[in-house]
Amino acid sequence: MAKQMTIHLRVWRQAGPEAPGRLVDYTVTEANEHMSFLELLDVLNEQLIGKGQDPVEFDSDCREGICGSCGLMVGGIAHGPQRRTAVCQLHMRSFKDGDTITVEPWRARAFPIIRDLVVDRSAFDRIIVAGGYVSVTTGGAPDANALPIRKHEADEAMDYAACIGCGACVAACPNGSASLFTAAKIAHLELLPQGRVESERRTMAMVDQMAAEGFGDCSNHAECEAVCPKGISVAGIARMRRAYMKGVFAG
Amino acid sequence: MQTVSNGRLDAKVPAGRLQDKWDAYKGVVRLVSPANKRKYTILVVGTGLAGASAAATLAALGYNIKSFCIQDSARRAHSIAAQGGINAAKNYPNDGDSIWRLFYDTIKGGDYRAREANVYRLAQVSSNIIDQAVAQGVPFAREYGGMLDNRSFGGAQVSRTFYARGQTGQQLLLGAYQALSQQIAAGRVSMLPRREMLDLVVTGGCARGIITRDLVTGEMERHVGDAVLLCTGGYGNAYYLSTNAKNSNVTAAWRCYKRGAFFANPCYTQIHPTCIPVSGSYQSKLTLMSESLRNDGRVWVPTDPADQRAPEAIPEEDRDYYLERRYPSFGNLVPRDVASRAAKKECDEGRGVGETRLAVYLDFSEAMRRLGEQAIRERYGNLFEMYERITGDNPYGTPMRIYPAVHYTMGGLWVDYELQSTVPGLFVLGEANFSDHGANRLGASALMQGLADGYFVIPYTMGAYIAGADLPADVSDDDPAFLEAEADARVRIDRLSTVQGDKTPTEFHRELGAILWNHVGMSRTREGLQEAARTIANLKEEFWARVRVPGTSDTLNKNLEFAGRVADFMELGELMACDALRREESCGGHFREEHQTLEGEALRHDDEFADVAAWEFTENGPKMHLEKLSFEFVKPTTRSYK
Ligand SMILES: Cc1cc2nc3c(=O)[nH]c(=O)nc-3n(C[C@H](O)[C@H](O)[C@H](O)COP(=O)(O)OP(=O)(O)OC[C@H]3O[C@@H](n4cnc5c(N)ncnc54)[C@H](O)[C@@H]3O)c2cc1C
Ligand code: FES
């Protein structure tokens, strides 16, 4: 039978972008080891509604670790204690009966808080709009097998393409940098012949946009890689720097 | 219930040989001149594969696009979660595939309840999708020679499925999202995330706009356009527990239904055979284990229901590989509906495994011996990891436990060959329409359909509408139709907030889900369906008396959003039961116990039910219109996977 547990939560509550926020204590007595962390918050919310209080707002959608909607600081760690796991996939078996867990939103200058645990990550979309694509339109594409691609390069491109855009890298970075997110897209596209053509231009535009959004610089802490639910490698950041310098010298 | 035959349903299928229809259509279709396209604004609701591909393509052609989605970013649409792959009739492995075979497999897989011409077109454009995706930089799996790799999916005897690890939907969606981003950069798309469409605006007989709610500020917004593309996905979440993302809903489609778009075949839902079983009452959703696993995984239960040994300890002779036994030619790769019912049968007869006994084993040990653990890791690594994270069991060492779960909805808004609904100017793409999968969808065909609709079909068919319709240019957002639709949406929101009862939207949703799962699920009976209709009607009444929506409507308030969706799901649930009751046959995902062969297989009645039931909303209850399906090119036979 599943183990029952009692969990104490300290949750960041903030009514709106400008409102003051604070940590509020709650206790959930009917937690169990098979529950996901977000299901624990669901149970808390049902409890709060029952008591006539406002539930805790948080984003989630797929609950399978792929859409990147969820994102919480759990016990001070982006997505919580289990490595390579988005918080929607974190299960209560990672905790002990009686634990007290602090839950906070992503904190970064470029991710303003909307309400409670929900933040505005639209800056990520604007970085992609700045150049995170191959400039092709629909139709007229050559046969998919016209251009062979080395398997290891396709695989490496896939490693970077796996980024879910959740923002944990930013939240974990002491500088609030979006370098891992930005580099993941740059590396994914640069590793493929289809994307290589525009690599320098793309890199310069995306990196400049990242700065314009108020993200900090990278100073090689690698905290981002440690919390990334998809295990994206910081080697991508070196790649990004090289492509950027090439772009600079090409003028 | 009133019935009308063919009546207003003209599928507008072009004449001629099946193989020539689409080319013939494209050859004569009216075009909008490049200079004129920018005069038109197209509202594209949804940024899944269907919506993102349509918005990107139409913007590149020069139209002005407004694109909407519920999530905080277009990239997070539910399509992102698709795992296994996408079909295309490329025949790269040279194993006998062709456009005809993909067409035929899809029609047969759908149990002969889809429109031939649409399905053929889908098979025809399938190859272009792969070309397009590769050009965008989608990192599909490759072989050492550098060519694209393929795998097999259910209902096919060829390998035609392209994949990107277990993240094919993610990669295809990111490709479409990036194409969309390119058009945003070009200034041709304005992107409006965190918006929920709450109504369709019809004026002068045509769809001319939508009402949305800004989910952060609660503000109502009116958007005017020359056509509306509804790409809002499926309604599987009616069952509460499903593999769909939490925000997937029927609301946008349901509001269109209430404004005159017919809802077709709502009873066709797909229950996917390989999902992680339910573990407790707090469960918020179910997780799919991709069908691709059935390439190498073998499904079994202990022969003796009393066998309590750990699965690894049960020797071969005490295992029943029931799919291989019952369906020797397709084995573990029978279509989903067949595999799901078979699992249910085993569990109903007491041979289920695990704590709840509502599970069967999916075992990789034989494949690991044959191919080595590394090969299995490469093929399915991320799925195995996901399984372990959720269950705490390591599938490299012990078989997975799986059970069927609601996954996909074949029903949806009725559309003609041009993907146009019964409301002129309202086009429906992707899972939201009913069009290509009949009564059962084959694996890896939804991604194909969404992208076919968005990249390759809608640019022609919507263009034809714009070129041919004489749309008044002066419709503005203070047109009475806009004011009325906005007022209606406000009233609904206010009504939800004012009840202030004692039950949460989630509690109602769970109850609705249980009713649908029990009576409109894998196996249906007349009595059960009548019972469902009755209990849903009661639940609906209770909802409006007792629902408690916390908070206010001028901030981010997810319970308010969910409450509105639950209200619509209840109304839809009644229609699903009604449609299932009327369909006195078994076909695909719709299994009526009264209609089965002696061996327990689905029994179709083509003479009476080779049709599409399209429901029209009226104040006096749903009115049914029938589109008779004629099979000119294939001969419906009894599906056999034996
Ligand atoms: C777990 C899982 C795995 C799958 N794997 C596969 C696979 O391997 N192969 C395959 O072919 N198929 C697969 N499918 C099916 C396939 O993913 C879906 O059918 C398909 O992605 C649907 O795409 P869509 O564009 O129609 O809609 P969705 O991707 O569902 O997008 C809907 C969009 O509409 C928006 N929206 C919805 N309602 C509103 C509203 N009221 N207002 C504003 N916006 C709204 C949403 O925000 C979203 O952007 C899988 C499905 C699931 C659940
Ligand atoms: S909810 Fe989608 S990644 Fe967590």
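Residues numbered from 1 in each chain as written. Chains lettered and ligands numbered in written order. Predicted model: local features only at pLDDT ≥ 70, side-chain atom pairs only at ≥ 80, totals over all residues.

Caption draft 1: Focus on the overall build of chain A. Across its full length, chain A carries nine helices and seven strands. Seen through its principal axes, chain A has C-alpha atoms that stretch 60 × 45 × 35 Å. Taking all contacts inside chain A whose residues are at least 6 apart in sequence as the whole, residues at least 24 apart take part in 71%. (Helix = DSSP H or I, 4+ residues; strand = E, 2+ residues; numbered from the N terminus. Contact = placed C-beta atoms within 7 Å.)

Caption draft 2: Structural context of the overall build of chain B. When its secondary structure is counted, chain B shows 17 helices and 20 strands. With respect to the three principal axes, the spread of C-alpha positions in chain B is 75 × 60 × 50 Å. Buried positions account for 61% of the 642 residues belonging to chain B. Taking the intrachain contacts of chain B between residues at least 6 apart in sequence as the baseline, contacts between residues at least 24 apart amount to 74%. (Buried ≥ 20, exposed ≤ 12 C-beta atoms within 10 Å, placed from the backbone.)

Caption draft 3: Spatial organisation of the sheet that holds strand E9 (residues 220–224) of chain B. All names here are of chain B. Spatially, the three strands line up as an open sheet ordered E7-E8-E9, and their pairing is antiparallel. One side of each edge strand has no neighbouring strand; the edge strands of this open sheet are strand E7 (195–203) and E9. Going from strand to strand, the sheet's axes swing by 25° on average, the running direction of each strand aside. Examined bridge by bridge, E7 and strand E8 (residues 206–214) share eight bridges and lie antiparallel to one another. Looking at E8, one finds that Thr 203 is bridged to Cys 206. (Pairing = 2+ DSSP bridges. Axes fitted to C-alpha atoms, helices over the stretch in contact; angles between N-to-C directions.)

Caption draft 4: Representation of the domain arrangement of chain B within the structure. Residue and element names in this part refer to chain B. What the domain assignment reports for chain B is domain 1 (272–406) and domain 2 (491–609). Distance from the C-alpha centre of domain 1 to the C-alpha centre of domain 2: 29 Å. Considering each element in turn, the side of domain 1 that touches domain 2 owes the most residues, four residues, to helix H9 (residues 336–348). The class makeup of the residues in the side of domain 1 that touches domain 2 is one nonpolar, one polar and three charged. (Domains from an automatic or database assignment. Nonpolar A, V, L, I, M, F, W, Y, C, P; charged D, E, K, R; others polar.)

Caption draft 5: Highlighting helix H6 (residues 168–185) of chain B. All names here are of chain B. Its 18 residues give H6 an end-to-end C-alpha distance of 26 Å, which sits within 8% of 26 Å, the value for a rise of 1.5 Å per residue. Most of H6 sits inside the fold, with 17 of its 18 residues counted as buried. Looking one or two residues past H6, Gly 187 carries a phi angle of roughly 80°, positive in sign. (Expected span 1.5 Å × (residues − 1).)

Caption draft 6: Summary view of the domain arrangement of chain A. All names here are of chain A. According to the domain assignment, chain A contains domain 1 (4–104) and domain 2 (121–250). The gap between the C-alpha centroids of domain 1 and domain 2 is 30 Å. Residue composition of the side of domain 1 that touches domain 2, grouped by class: seven nonpolar, five polar and one charged.

Caption draft 7: A look at the interface of chain B and chain A. Across the contact, 61 residues belong to chain B and 64 residues belong to chain A. Of all the elements, H6(B) adds the most residues to the side of chain B that touches chain A, at nine residues. Residue classes in the side of chain B that touches chain A are distributed as 24 nonpolar, 25 polar and 12 charged.

Caption draft 8: Examining the packing of helix H3 (residues 49–61) of chain B against H6(B) more closely. All names here are of chain B. At their nearest, the axes of H3 and H6 sit 8 Å apart, and the two run at 30° to each other. Comparing their axes, H6 and H3 come out roughly parallel. Here the hand of the crossing between H3 and H6 comes out left-handed. Between H3, through Leu 49, Ala 52, Ser 53, Ala 55, Ala 56, Ala 59 and Ala 60, and H6, the contact on the second element is made entirely by Leu 172, Leu 173, Ala 176, Tyr 177, Ala 179, Leu 180 and Gln 183. (Parallel < 35°, antiparallel > 145°, perpendicular 65-115°, else oblique. Left-handed = near helix turned anticlockwise from the far one by under 90°.)

Caption draft 9: Geometry of the pairing of strand E16 (residues 400–409) of chain B. All names here are of chain B. Counting buried positions along E16 yields 10 of 10 residues, so the element is predominantly enclosed. As paired strands, strand E12 (residues 269–275) and E16 are joined by five bridges and run antiparallel to one another. Residue pairing across strands places Cys 275 opposite Tyr 403, the latter belonging to E16.

Caption draft 10: Quick peek at H3(B). Residues and elements named next belong to chain B. Compared with an ideal rise of 1.5 Å per residue, which puts 13 residues at 18 Å, H3 spans 18 Å between its outermost C-alpha atoms and is within 8% of the ideal. Along H3, 12 of the 13 residues are buried, which leaves the element largely enclosed by surrounding structure. Those residues of H3 not exposed but buried are Leu 49, Ala 50, Gly 51, Ala 52, Ser 53, Ala 54, Ala 55, Ala 56, Thr 57, Leu 58, Ala 59 and Ala 60. As for H3, its buried residues are in contact with strand E2 (41–45), strand E3 (64–68), H6, strand E6 (189–192), strand E10 (227–230) and helix H12 (446–468). Just downstream of H3 lies Gly 62, where phi reads positive at about 120°.

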